[in-house]
Amino acid sequence: MPFKAVEVREEQGSYRAAIIDHAEFSDLADGEVRIAVEYSSLNYKDALSAAGNKGVTRNYPHTPGIDAVGRVIASASADWAPGDQVIVTGYDLGMNTRGGLAEQIQVPADWLVALPDGLSPADAMMLGTAGLTAGLCVDKLQRQLGDLSGLRIAVTGASGGVGSIAVVLLKQLGAEVTAISGKAEQYAFLQSLGASHCAAPAMLAEFASKPMVKPQFDAALDTLGGEPLANLLKAISPDGAVACCGLAAGVALNSSVFPFILRGVCLLGVDSVEIPRERKAEIWQRFAGPWQLDSERSAALLSEVGLNEVPEQLARFLSVSVCGRIRVKL
Ligand code: NDP
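The shown structure was predicted, so the numbers you read here are calculated from the model rather than taken from an experiment.

Draft legend 1. Broad picture of the domain arrangement of the protein chain. Domains assigned within the protein chain are domain 1 (3-115 + 300-329) and domain 2 (128-269). Using C-alpha coordinates to define each centre, domain 1 is positioned 30 Å away from domain 2. Facing the 13 residues of domain 1 at the interface are 14 residues of domain 2. At the boundary of domain 1 with domain 2, total buried surface from both sides reaches about 900 Å², with 64% on carbon and sulfur atoms. Its largest share of buried area at the contact with domain 2, domain 1 owes to L301, C323 and R325, together 49% of the area lost on that side. Scanning the region where domain 1 abuts domain 2 turns up zero salt bridges. For the interface between domain 1 and domain 2, the tally reads two residue pairs in polar contact (both at pLDDT 80 or more). Taken together, the residues of the side of domain 1 that touches domain 2 sort by class into five nonpolar, six polar and two charged.

Have a look at this one:
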């Protein structure tokens, strides 16, 4: 049966997203599963795919969408049966495989994670790849530092998808969170999510000329990379740690070794895309249980759109720095 999907087409060198209602898949290959998507979400990578970024998507027409949750409707794998509720994030979904901004996806069986009891499909896509990434960062900090309660933890890019979920989760775990954000007008919002303090990125830029500064944080969750990360490392307490997952401010890291050899600071890399699905499942399980996010706070960081609004939202994503998470209801 044909279904609705976002389709990005190349027209004389420019890229345009539109809704089509005649998308179809060919028959399932061995080991593939077809899923009726209930919710997806919008991520920066989807906007890059929709804008023709060849580092994300090589061939068009293409359907972006790196996140999906839904029900299995056909399976050529012994591991999954029609009716199973599943989450798919990352791997090649929405990059060079048709993605979750569609009523159906068809993917290899080993990309699927069972939706855990206690997590609704809607909540899974309030989180999406951004939430999974924030969760993996928090997990790495816990493995390194133990209990995070009472620790002073900075979150950069705090109003973004990863950052806003990290603020909520870290607050729930008892940390004293400093939200570092370029959006001064969103400080009240960040405080409502659980930030004890808010600061502008200029605070980190002030450290640029110094080899090290007085420790201000026990740990940090960094979504920016580049210069802000290099500066943040100078302000971490002895034996502290920084989980690094993003590159919003740049890919280069020009740091001295001082934070590492004078204070024993650990820099912890985080990938949420290609890791084994068992690892993803562990984090989803935690969001269904001990990490279940406060419903008022998660509602505050969430907006929801329908599939028809996605083309406009994708275009907006690259020009306006979005706040929180955008869930897509199929
Ligand atoms: P968003 O676009 O939602 O948020 C990024 C935030 O960073 C913005 O809201 C803004 O926050 C800040 N920011 C944006 N541009 C700049 C800039 N040029 N200089 C400084 N700050 C900037 O992205 P996500 O939260 O979804 O992702 C954050 C990062 O993590 C991205 O780089 C993304 O690619 C990466 N990522 C990595 C994953 C992994 O597996 N390692 C998975 C998912 C995402 P504010 O205005 O509050 O400062």
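And the narrative resumes.
Draft legend 2. Layout of the site of the ligand. If you check the shell around the ligand, you find 24 residues, and the closest are S159, V162, S181, G182 and S272. Within the backbone of S272, a nitrogen or oxygen atom sits 2.8 Å from an oxygen atom of the ligand. Here the ligand has 910 Å² of accessible area as a free molecule, and 76% of this is covered by the chains. Counting only elements with at least two residues in the shell around the ligand, the list comes to helix 2 (121-145) and helix 3 (161-172).

Draft legend 3. Fine view of the environment of L301. With respect to the helices, strands and loops of the structure, L301 is situated in the loop between helix 9 (295-300) and strand 14 (302-306). Distance from L301 to S159, taken between C-alpha atoms, is 8.8 Å for residues 142 residues apart in sequence.

Scoring rules and cut-offs
- Residues numbered from 1 in each chain as written.
- Predicted model: local features only at pLDDT ≥ 70, side-chain atom pairs only at ≥ 80, totals over all residues.
- Heavy atoms only, no water.
- Domains from an automatic or database assignment.
- Contact = heavy atoms within 4.5 Å.
- Buried area = accessible area lost by both parts, 1.4 Å probe.
- Salt bridge = Lys/Arg side-chain N within 4 Å of Asp/Glu carboxyl O.
- Polar contact = N/O pair within 3.5 Å; in protein donor to acceptor, adjacent residues only side chain to side chain.
- Nonpolar A, V, L, I, M, F, W, Y, C, P; charged D, E, K, R; others polar.
- Near = heavy atom within 4 Å.
- Areas by Shrake-Rupley, 256 points an atom, 1.4 Å probe, with all protein chains shown as cover.
- Helix = DSSP H or I, 4+ residues; strand = E, 2+ residues; numbered from the N terminus.

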